[in-house]
Amino acid sequence: MKNKVLDKFKELFGAEGDIKAYFAPGRVNLIGEHTDYNGGHVFPCALTIGTYAAARKRDDDKLRFYSMNFENLGVIESSVIDLKNKKEDDWTNYPKGVIWAMQKKGFKIETGMDIVYFGNIPNGSGLSSSASIEVLTGYVLKEMFGLDVDNINIALIGQYSENNFNGVNCGIMDQFAIAMGKEKNAIFLDTADLSYEYAPIDLGSKKIVILNTNKKRGLGDSKYNERRSECETALAELQKVVDIKSLGELTEEAFEANKDAIKDPVRVKRAKHAVYENQRTIKAVKALKDNDLALFGKLMIASHDSLRDDYEVTGIELDTLVEEALKQDGVIGARMTGAGFGGCAVSIVEGDAVDAFIANVGKAYEEKIGYAADFYVVEVGNGPCVL
Ligand code: GLA
């Protein structure tokens, strides 16, 4: 991959000067979904698949971007002066947003760069290809301009850019998981204060299998923002009767005792998911520490049920994948992962059962949905680096 991206860079932009190659991972969330904007816990890990870049600093203000995933778009040019989100700039609004956000936070970026990207995360699959580009770009800027910024702040800058430059109101989970990724570990992150702990993912003979619905997502972002605002309204209603800053502060019991303050049954379901999912995540990490993978799997299944019935972000494609996955031999647990409305599910499967699992779930999915799913057996990897 390193050579692939370097070769393309040299072909497009010439071989002279100081060209470096970089990598940032994608992520999968094991449990703790739609909790990161509710002050709750998440439990994601970085993957060994991700985004590669080759980049060289320029002497003028010009930016030249190229993606090997969107070759038809060719080289897209901008300037580091007066960066604005422009529809015609397409995917480059993600790296542009990060440069803009860095400047906003006071980092001096007065000259541009030439940069080529190549990602082996399937686009739009919900494995955070956009957060991967954001963190990668932040990391390239840090290295190229010698910026005094740590990986947590690169994550925060990535999220800030996505919220304020690209208009997606995402939480911090994706950027944090990518920027702070650690091989063989998942990250138990409390999004209320960004305190975190690494938890070894020692699955023994079991594998993490990701199941991609291949559903084209459309309405996802607007529904995502709708769920956020439903939770915000429910929180404001609860705050009239309990002293809390976020839904993540409530136990299941405290929620049940106070839920009547929420005036709409749909909002009760949304808030219930946020509260119970947070508690499930805390229990799941404990189960993993106790080496109780069976309990971890059960909590994954309960998470999917709650995302389907109370949060209503799954849909027939994700539900079919999870339902079929749970029928198979050797499966420990399965659930949708990421924002939902399509994208991917994640499962834990006995190594020697993986081939049959993929064949059987793939067949049942295609019969019911009418097109094929994709499957990836993934490994837990590190955060961003210079290659
Ligand atoms: C997307 C967002 C994250 C998080 C998840 C749902 O991936 O980018 O911040 O909210 O959805 O858990």
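All figures in this text were calculated on a predicted structure; none of them were measured in a lab.

**Student:** Describe unusual backbone geometry, with residues and values.
**Tutor:** Phi is positive for Lys184, which is not a glycine, with a value near 65 degrees. For Lys184, the location among the structural elements is in the loop between helix 5 (173-179) and strand 7 (185-190). Backbone geometry places Asn214, a non-glycine residue, at a positive phi of 60 degrees. Tracing the backbone through its elements, the reader meets Asn214 in the loop between strand 9 (206-212) and helix 6 (220-238).

**Student:** Summarise the sheet that holds strand 13 (residues 385-386); cite the residues concerned and give the values.
**Tutor:** Spatially, six strands are ordered 5-4-6-3-1-13 in an open sheet, and the strand pairing comes out mixed. Of all strands in the sheet, those bounded by a partner on one side alone are strand 5 (76-79) and strand 13. In this sheet, strand 6 (residues 113-119) lies alongside strand 3 (residues 44-57) in antiparallel orientation, the contact comprising seven bridges. Across the sheet, the residue bridging to Thr51 is Gly119, located in strand 6. Against the sheet, helix 1 (residues 2-13) makes contact with strand 1 (20-29), strand 3, strand 4 (62-67) and strand 6, and its axis sits at roughly 140 degrees relative to strand 6, the strand it touches most. On top of the sheet, helix 2 (residues 93-104) reaches strand 4, strand 5 and strand 6; it is set at about 145 degrees to strand 4, its chief contact.

**Student:** Provide a residue-level description of the packing of helix 10 (residues 316-326) against helix 11 (residues 354-369), including the pertinent values.
**Tutor:** Between helix 10 and helix 11, whose axes approach to 9 Å, the crossing angle comes to 145 degrees. At the point where helix 10 passes helix 11, the crossing takes the right-handed sense. Here helix 10 contributes Ile316, Glu317, Thr320, Leu321, Glu324 and Ala325 to the contact with helix 11, which in turn contributes Phe357, Val361, Ala364, Tyr365, Lys368 and Ile369. In terms of residue class, the contact of helix 10 with helix 11 is built from eight nonpolar, one polar and three charged.

**Student:** Describe the site of the ligand, naming the residues involved and giving the relevant values.
**Tutor:** By nearness alone, every residue bordering the ligand is listed as Arg27, Glu33, His34, Asp36, Tyr37, Cys170, Gly171, Met173, Asp174, Tyr224, Gly338 and Ala339. Side-chain polar atom of Glu33 to an oxygen atom of the ligand: 2.6 Å apart, as the coordinates give it. In isolation the ligand offers 310 Å² of accessible surface; the protein chains occlude 93% of this area. Taken together, the residues that form the shell around the ligand break down as five nonpolar, three polar and four charged.

**Student:** Could you give an account of the packing of helix 8 (residues 265-289) against helix 9 (residues 293-309), with specific residues and numbers?
**Tutor:** In the contact formed by helix 8 and helix 9, the axes pass within 9 Å of each other and the chain directions differ by 170 degrees. Classed by the angle they form, the pair helix 8 and helix 9 counts as roughly antiparallel. Here Lys269, His273, Glu277, Arg280, Lys283, Ala284, Ala287 and Leu288 of helix 8 lie close against helix 9, whose contacting residues are Leu293, Leu295, Phe296, Leu299, Ala302, Ser303, Ser306, Leu307 and Asp309. Its residues assigned to classes, the contact of helix 8 with helix 9 shows nine nonpolar, three polar and five charged.

**Student:** I'd like a description of the sheet that holds strand 8 (residues 195-200), backed by residues and values.
**Tutor:** Taken in spatial order, the three strands line up as 2-7-8 in an open sheet, and their pairing is antiparallel. Both edges of this open sheet fall to strand 2 (41-42) and strand 8, since each of them pairs with a single strand only. Both strand 2 and strand 7 contribute to a ladder of two bridges, which runs antiparallel. By the bridge assignment, Val42 is partnered in strand 7 with Leu189.

**Student:** Account for the pattern of salt bridges, with residues named and values stated.
**Tutor:** This model, assessed by the stated rule, comprises 35 salt bridges. The partner of Arg64 in a salt bridge is Asp114, with the nearest N and O atoms 2.9 Å apart. Separated by 50 residues along the polypeptide, Arg64 in strand 4 and Asp114 in strand 6 bring together distant segments of the chain. Ionic pairing is found between Glu277 and Arg335, a salt bridge with its closest N-O pair at 3.9 Å.

**Student:** Explain the state of the cysteines to me, and be specific about the residues and the numbers.
**Tutor:** Inspection of the entire model under this criterion finds zero disulfides. With no disulfide partner, Cys170 has as its closest neighbouring cysteine sulfur the one in Cys231, 15 Å distant. On the basis of relative accessible area, Cys170 is assigned to the buried category, the value being 6%. Not engaged in a disulfide, the cysteine Cys344 finds its nearest cysteine sulfur in Cys45; these two sulfurs lie 13 Å apart. Accessibility expressed as a relative area gives 0% for Cys344, which makes it buried.

**Student:** Give a detailed account of helix 11, specifying residues and quantitative values.
**Tutor:** With 16 residues, helix 11 extends 22 Å between its outermost C-alpha atoms, agreeing within 8% with the 22 Å of an ideal straight helix rising 1.5 Å per residue. Among the residues of helix 11, those classed as buried are Val354, Phe357, Val361, Gly362, Ala364, Tyr365 and Ile369. Contacts from the buried residues of helix 11 go to strand 9, helix 10, strand 10 (331-337), strand 11 (344-350) and strand 12 (374-378). Remark: Gly370 follows helix 11 within two positions and exhibits a positive phi of approximately 100 degrees.

**Student:** Account for the pairing of strand 9, with residues named and values stated.
**Tutor:** Of all the seven residues making up strand 9, six are buried; the element is thus mostly covered by neighbouring parts of the structure. Sheet topology places strand 9 next to strand 11; seven bridges connect them, and they run antiparallel. Bridged to Lys207 within strand 11 is Val349. As defined by bridge partners, strand 9 adjoins strand 12 across five bridges and the pair is classed as antiparallel. Counted as the bridge partner of Ile210 is Tyr376 from strand 12.

About the thresholds
Residues numbered from 1 in each chain as written. Predicted model: local features only at pLDDT ≥ 70, side-chain atom pairs only at ≥ 80, totals over all residues. Heavy atoms only, no water. Helix = DSSP H or I, 4+ residues; strand = E, 2+ residues; numbered from the N terminus. Pairing = 2+ DSSP bridges. Contact = heavy atoms within 4.5 Å. Axes fitted to C-alpha atoms, helices over the stretch in contact; angles between N-to-C directions. Left-handed = near helix turned anticlockwise from the far one by under 90°. Nonpolar A, V, L, I, M, F, W, Y, C, P; charged D, E, K, R; others polar. Near = heavy atom within 4 Å. Polar contact = N/O pair within 3.5 Å; in protein donor to acceptor, adjacent residues only side chain to side chain. Areas by Shrake-Rupley, 256 points an atom, 1.4 Å probe, with all protein chains shown as cover. Parallel < 35°, antiparallel > 145°, perpendicular 65-115°, else oblique. Salt bridge = Lys/Arg side-chain N within 4 Å of Asp/Glu carboxyl O. Disulfide = S-S within 2.5 Å. Buried < 20%, exposed > 50% of the residue type's maximum accessible area, 1.4 Å probe, protein only. Expected span 1.5 Å × (residues − 1).

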